[in-house]
Amino acid sequence: MRRARGRGARQQEPERVHRARLPLRRSLLGRLLAVSALVAACSVAATAWIAVQTTSGAIKQEQGQNLTADARIYDTLLEYAARNPTWDGVGATVRELARESGRRVALTTQGRQPLADSATGETARALPPQASAVVDPLSVDTVLAARGADGQGTGADRIDPRAVGPFRLSAADSRALRRTADDKVACLSRAGIASDVVVGASGRPRVQIVGNDPERALGTRCDLAALDAPTRSERKALDALTELADACLKRQGREGVRLNNDLSWGDPAPVAVPGEPGALVPRPVPEPRDAPAEQAAPSLEMPELTGENDRAIASCVGTARSEQLSSYVASPALLFIGDEGGATLPGFDLSPANTARIAGAAALVLALTVGASVFAGARLVRPLHALTGAAQRMRDGEQPASVPVSGDDEVGRLAAAFNDMSAHRARLEEQRKAMVSDVAHELRTPLSNIRGWLEAAQDGLADPDPAFVSSLLEEAVLLQHIIDDLQDLAAADAGALRLHPEPVEVRELLGQVAAAHQARAENAGVTLAVTAPAPGPALSADPVRLRQAVGNLVSNAVRHTPEGGRVTLRAYVAGRDASGPDAPGPNAPGPNASEEGCGTAVTGGGTVVTGGGTVVTGGGTVVIEVADTGSGIPADDLPHVFDRFWRAEKSRSRRTGGSGLGLAIVRKLVEAHGGTVEATSAEGEGSTFALRLPGGGRP
């Protein structure tokens, strides 16, 4: 039934482990996945937002810079078109603009016939289907013109102000007016008014008051009206423009109009009358000198000015100007601006397609991150599950089994440490079982003897004479000795072994131990000798426990030394001259003997094993040796001499061995004193046990 129940428990164990498994949300894998997913999501979102903001800002900045450069290119070519009747010779200007802007500039007719292109030869790619702008001085692009380099802007009729046509002054007229303007500036300067000469697109100079307040010049005797008088060529161009505008108005059934020098209409602009400071009168429109009188009068009759008429007049004036200037400016041309490879500037916006691409990329990165986290988490958790299962099987009393070590990382080291712990626990369990068996065997022998003698006395087979009582007492003493040894070991293992240290003279202590074992040695035919300097080395120790430890060694030595042999007790201080009277004997450990840890090492043809803690060697270390000339200990058995219940004689006979606890007690007692014990043996020559204790103290 017990075996059946055990098999049933083992069959139910996997189900119990399965029920005990943590849910994913509380497991290490679940937390790892959650943290990885959160970090990945935040990283992807932050990266996408930063990328979008940075890219949008960079593209907007680049687009702004390119738009400024485009406006400058457009304005330069527009000026060229306004000042030249054809595009002949524009190639040099196009190449210079391309060099300064680092972009491709191309001009074609409206039929896409090439006029000029900064890209030539193999680098000239096909132009895009849509032009960047149309260069037409009679119909200016107001957006690009507003960002032009000179900042002139355009009029309401969208005609470039630099397109003056027949209103351009001759060189002689321009020089004459410039001299007059310089005289007026000098006159204003004498009056304390700062002014400058500004030359317009037609070559006509004008005086500009600093501060832009022309009324300051009205109180002076500087006649600025002389600069407003039109030249002969200007009057001729103005008359031609007026005729074109009148023809347009007559086609609409409206009366003609007289245009002023500034192309306004209505009452003439007021001008200052020379010789009358501050007085303003309308200045009549000058008439050509050769004009007949009868033709001049009708021009003074102005049509009725209304809002509708003004719009009609403005439209006709614009049409007339375009008609008049058409032969003086270049024909409209298509302007293409792109990079040096020929492509135009790509645009960027967060359209649904771009948003979908960004979201798709973010989702892909998130999926890859989660997948990598799942893979890494599974590899991380798999050995932990194996460790958990092995620990649960050990808890349930099953035979411990090692778990696979995947690598040299933290989890691999944990698995290796678990395997070491499992193996150590298995060894301890085997030792525990062996110890229980050994204790039962050791206790059974004296108890069986006592029971046998008592049953014989009860049955009348033995008389309770002194020999009978002596036999019972001997078995009881042996039983008590085993119990005392077990109690000492238990106290030492628990750290509860009490010591009463006091100054001890080692030579005297060895003499006491030798005297206690002299009778047994004589019965065995073994010579027992003590070798120690006078005065002997001193140390601080519990004399009772130290005599117990040395006594156990002497007892073992006498037991395993044949008749005629010799057991020597020796004491000296480690580190003294080897030639002195307290130098170690022939069976003492050599200079290569181990002084700490546990292990074996060949020294002088023999074998040495050390048990116990660590002692700082040097001039203060007292060494107590018990050497015999017995049969020695085989090298394979020497590492086990300090194990509990270990005997070289496997039959565990009382005649050839004790309880097997003596040397284990020796090691515990020496360790309690802060020392070590080591055994050196050469098979067939004898053995030497050495106690190394920290010296100090005098009796």
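Refer to the structure printed above.
Residues numbered from 1 in each chain as written. Predicted model: local features only at pLDDT ≥ 70, side-chain atom pairs only at ≥ 80, totals over all residues. Heavy atoms only, no water.

**Student:** Hey, could you go over the overall build of the protein for me, with residue numbers and the actual values?
**Tutor:** On a plain count of helices and strands, the protein comes out with 15 helices and 17 strands. In the protein, buried positions account for 36% of the 699 residues. Roughly 39400 Å² of accessible area belongs to the protein as shown, and the carbon and sulfur atoms make up 54% of that amount. (Helix = DSSP H or I, 4+ residues; strand = E, 2+ residues; numbered from the N terminus. Buried < 20%, exposed > 50% of the residue type's maximum accessible area, 1.4 Å probe, protein only. Areas by Shrake-Rupley, 256 points an atom, 1.4 Å probe, with all protein chains shown as cover.)

**Student:** Tell me about the packing of helix 6 (residues 232–251) against helix 8 (residues 307–325), and please be specific about residues and values.
**Tutor:** Two elements in contact, helix 6 and helix 8, have axes whose closest approach is 8 Å; the angle formed by their N-to-C orientations is 125°. What the angle tells us is that helix 6 and helix 8 run oblique. As helix 6 runs across helix 8, the sense of the crossing is right-handed. Across the interface between the two elements, Ala237, Ala240, Leu241, Leu244, Ala245, Cys248 and Leu249 from helix 6 touch Ala312, Ile313, Cys316, Val317, Ala320, Arg321, Glu323 and Gln324 from helix 8. (Axes fitted to C-alpha atoms, helices over the stretch in contact; angles between N-to-C directions. Parallel < 35°, antiparallel > 145°, perpendicular 65-115°, else oblique. Left-handed = near helix turned anticlockwise from the far one by under 90°. Contact = heavy atoms within 4.5 Å.)

**Student:** Could you give an account of the state of the cysteines, with specific residues and numbers?
**Tutor:** Here a disulfide denotes one covalent bond, and it connects the sulfur atoms of two cysteines. Taken as a whole, this structure holds two disulfides when the rule is applied. Paired through a disulfide, Cys187 and Cys222 show a sulfur-sulfur distance of 1.7 Å. Judged by the sign of its S-S torsion, about -90°, the cystine formed by Cys187 and Cys222 is left-handed. With Cys187 in helix 5 (residues 171–190) and Cys222 in the loop between strand 5 (205–209) and helix 6, the pair connects residues that are 35 residues apart, well separated along the chain. The pair Cys187 / Cys222 is uniform in exposure class, with both members buried. Of note for the protein: the bonded cysteines, numbered N- to C-terminal, pair according to 1-2, 3-4. (Disulfide = S-S within 2.5 Å.)

**Student:** With reference to specific residues and values, describe the environment of Leu528.
**Tutor:** By the secondary structure assignment, Leu528 is in strand 10 (residues 527–531). In contact with Leu528, other than residues within four places in its own chain, are Ala514, His517, Gln518, Ala521, Val554, Val567 and Leu569.

**Student:** I'd like to hear about the packing of aromatic side chains, residue by residue, with values.
**Tutor:** This structure, assessed with the given rule, holds two aromatic pairs. Between Tyr80 and Trp87, the ring centres sit 6.0 Å apart and the planes meet at 15°, which makes this aromatic pair stacked. Overall, Tyr80 belongs to the buried group, its relative accessible area being 15%. Between Phe642 and Phe689 the ring centres are 6.3 Å apart and the planes differ by 85°, which places this aromatic pair in the edge-to-face class. Taken together, the residues span a long stretch of sequence, with Phe642 in the loop between strand 15 (621–628) and helix 15 (662–672) and Phe689 in strand 17 (residues 686–694) at a distance of 47 residues. (Phe/Tyr/Trp six-rings, centres within 6.5 Å; stacked < 30°, edge-to-face > 60°.)

**Student:** Tell me about the pattern of salt bridges, and name the residues and values.
**Tutor:** Under the definition given, this model contains 16 salt bridges. We note a salt bridge from Glu678 to Arg692, for which the minimum N-O separation is 3.6 Å. One end of the pair, Glu678, is in strand 16 (residues 676–682); the other, Arg692, is in strand 17, with 14 residues separating them in the sequence. Judged on exposure class, the residue Glu678 and its partner Arg692 are both buried. Connected through shared salt-bridge partners, Asp75, Glu79, Arg83, Asp160 and Arg162 make up one network. (Salt bridge = Lys/Arg side-chain N within 4 Å of Asp/Glu carboxyl O.)

**Student:** Tell me about the pairing of strand 1 (residues 104–109), and please be specific about residues and values.
**Tutor:** For strand 1, a buried count of five out of six residues is recorded, marking the element as mostly surrounded by other parts of the structure. Two elements, strand 1 and strand 8 (residues 333–338), share six bridges in a ladder whose sense is antiparallel. Residue Thr109 lies in a different strand from strand 8, and its bridge partner there is Ala333. Relative to strand 2 (residues 114–117), strand 1 runs antiparallel, the two sharing three bridges. Residue pairing in the sheet places Thr108 in a bridge with Pro114 of strand 2. Connecting the antiparallel pair strand 1 and strand 2 is a turn made up of four residues, with Arg112 showing a positive phi of about 65°. (Pairing = 2+ DSSP bridges.)

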